[in-house]
Structure formats: structure tokens, C-alpha cells
Amino acid sequence: HSFPTRRSSDLDLVISGRLTKKPELRSTTKTNVCQFSLAVDNGKVDENGKHGADFIECVCFGKTAENLCKYQDKGSTIELKGRIQVDKYTNNEGKNVFRTLVYVEMINYIGKPQTNENGVIKGQNNANENNPFEEMGNKVANDDYPLPF
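A brief look at the structure comes next. (Residues numbered from 1 in each chain as written. Predicted model: local features only at pLDDT ≥ 70, side-chain atom pairs only at ≥ 80, totals over all residues. Heavy atoms only, no water.)

**Description of the overall build of the chain**
Helix and strand counts for the chain come out as one helix and six strands. The order of helices and strands in the chain, counted from the N terminus, is β-β-β-β-α-β-β. For the chain, with 149 residues in total, the buried portion stands at 25%. Accessible surface, the chain as shown: approximately 11,100 Å² in total, 49% of it carbon and sulfur. (Helix = DSSP H or I, 4+ residues; strand = E, 2+ residues; numbered from the N terminus. Buried < 20%, exposed > 50% of the residue type's maximum accessible area, 1.4 Å probe, protein only. Areas by Shrake-Rupley, 256 points an atom, 1.4 Å probe, with all protein chains shown as cover.)

In C-alpha cells form, the structure reads like this:
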């Protein structure tokens, strides 16, 4: 038997950003799971020149989860393909809680965290660092066409 091909929907997405902390692997009776947060530049810059970010909650399973936890660290840049799903559950107080997650289907590893000369991840314990995306490549003049990142 063959399964029908899953059709693309408006809830499918591809995003890239930096891991907000070292991913941790959890095991269930059926598979391995890794839940993580991805900091994605939202294109906003405050009056101090600090770039804003949105924090996207994600979850992956199986070998994808194992490899993410094994090979990536806080600050690593990844690109992922997944789908947005809203989960609903009842909390201890009997109230319905809705939670939006990205269920990851595929991850591309783009870059390791940037470190200073002491091996400390840039942005960690450094309040003077305004732009975590500053050293990602050559500067691009965007006078006529502002870039979304």
C-alpha cells in the first residue's frame, strides 16, 4: 500500500534562526523528542540599534531530535522546515490552554555559535553586544531595499 502524498498547506513554513539554548533529548516509550526555541530576527531595530527577535517554539522527533542534540549548541544557526500546529490541553486548574508549536520535518545546520577569543559564545554574559547577526557575513547596503533580516 502507498500512502497519499501530504499536500502543502498554509501552515507549512521554512524559517532560520539561532537556538536559544543547548537542545536536550528526552525519550518516550515510542521515540526520542527534542523541544527547543529558535530566535528569529523580526526585522525591528530599537532606538539603541538592538535587533529584535521572535522566539518560535519547535519540536522534533526520532533521528532529527537525536542529531540536533548531538551536533548543535546554544547559538547555532539552523534552518528548518515544518508545520505550525496548535495543541490544546486542560491545565491543573481545569482551564483550556492553547499552545502553538512548529512540528519540525527537516533541519539544515547552517552555522556553529560564534565565540570570542576565550571560547565564550558571543552574546552570552556580554551586555554590550547589540546585534547577534552582525558577523554573519559581509555588510549589505540596504538604502533602497530594506532587507527583512
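Having seen it, we continue.
**Quick notes on the side chain of Asp 41**
Inspection of the secondary structure assignment puts Asp 41 in strand E3 (residues 32-45). Look at Asp 41: it is buried, it has no salt bridge, and the nearest opposite charge is Arg 18 at 8.7 Å. Polar side-chain contacts of Asp 41 include one of 3.4 Å to the side chain of His 51. (Lys, Arg positive; Asp, Glu negative; His and termini not counted. Salt bridge = Lys/Arg side-chain N within 4 Å of Asp/Glu carboxyl O. Polar contact = N/O pair within 3.5 Å; in protein donor to acceptor, adjacent residues only side chain to side chain.)

**A look at the environment of Gln 72**
With respect to the helices, strands and loops of the structure, Gln 72 is situated in the loop between helix H1 (62-71) and strand E5 (77-90). Judged by relative accessible area, which is 5%, Gln 72 ranks as buried. Separated by 53 residues in the primary sequence, Gln 72 and Leu 19 have C-alpha atoms spaced 8.4 Å apart. Residues in contact with Gln 72, not counting those within four places in the same chain, are Leu 19, Lys 22, Pro 23, Asn 67, Ile 78, Tyr 109, Gly 111 and Lys 112. (Contact = heavy atoms within 4.5 Å.)

**Section: the nonpolar core**
Phe 36, Leu 38, Cys 60, Leu 68, Ile 78, Leu 80 and Val 104 are the most contacted members of the largest nonpolar core, which has 17 residues in total. Of the residues forming this core, the biggest block, four residues, is contributed by E3. In this view, Leu 80 contacts Leu 13, Val 14, Ile 15, Phe 36, Leu 38, Cys 58, Val 102, Val 104, Met 106 and Ile 107; residues no more than four positions away in its chain are not counted. (Core = buried A, V, L, I, M, F, W, Y, C linked by side-chain atoms within 4.5 Å.)

**With respect to the pairing of strand E1 (residues 12-19)**
The sheet contact formed by E1 and E5 spans seven bridges and is antiparallel. Of the residues in E5, the one forming a bridge with Asp 12 is Arg 83. In this sheet, E3 lies alongside E1 in antiparallel orientation, the contact comprising two bridges. Counterpart to Leu 19 in the pairing with E3 is Leu 38. (Pairing = 2+ DSSP bridges.)

**Focus: the packing of aromatic side chains**
Following the criterion strictly, the structure yields one aromatic pair and no others. Relative to Tyr 103, the ring of Phe 61 has its centre 6.1 Å away and its plane inclined at 20°; by these criteria the two rings are stacked. Of this pair, Phe 61 sits in strand E4 (residues 51-61) while Tyr 103 sits in strand E6 (residues 96-111), and the two are 42 residues apart along the sequence. By relative accessible area, which is 37% here, Phe 61 ends up partly exposed. (Phe/Tyr/Trp six-rings, centres within 6.5 Å; stacked < 30°, edge-to-face > 60°.)

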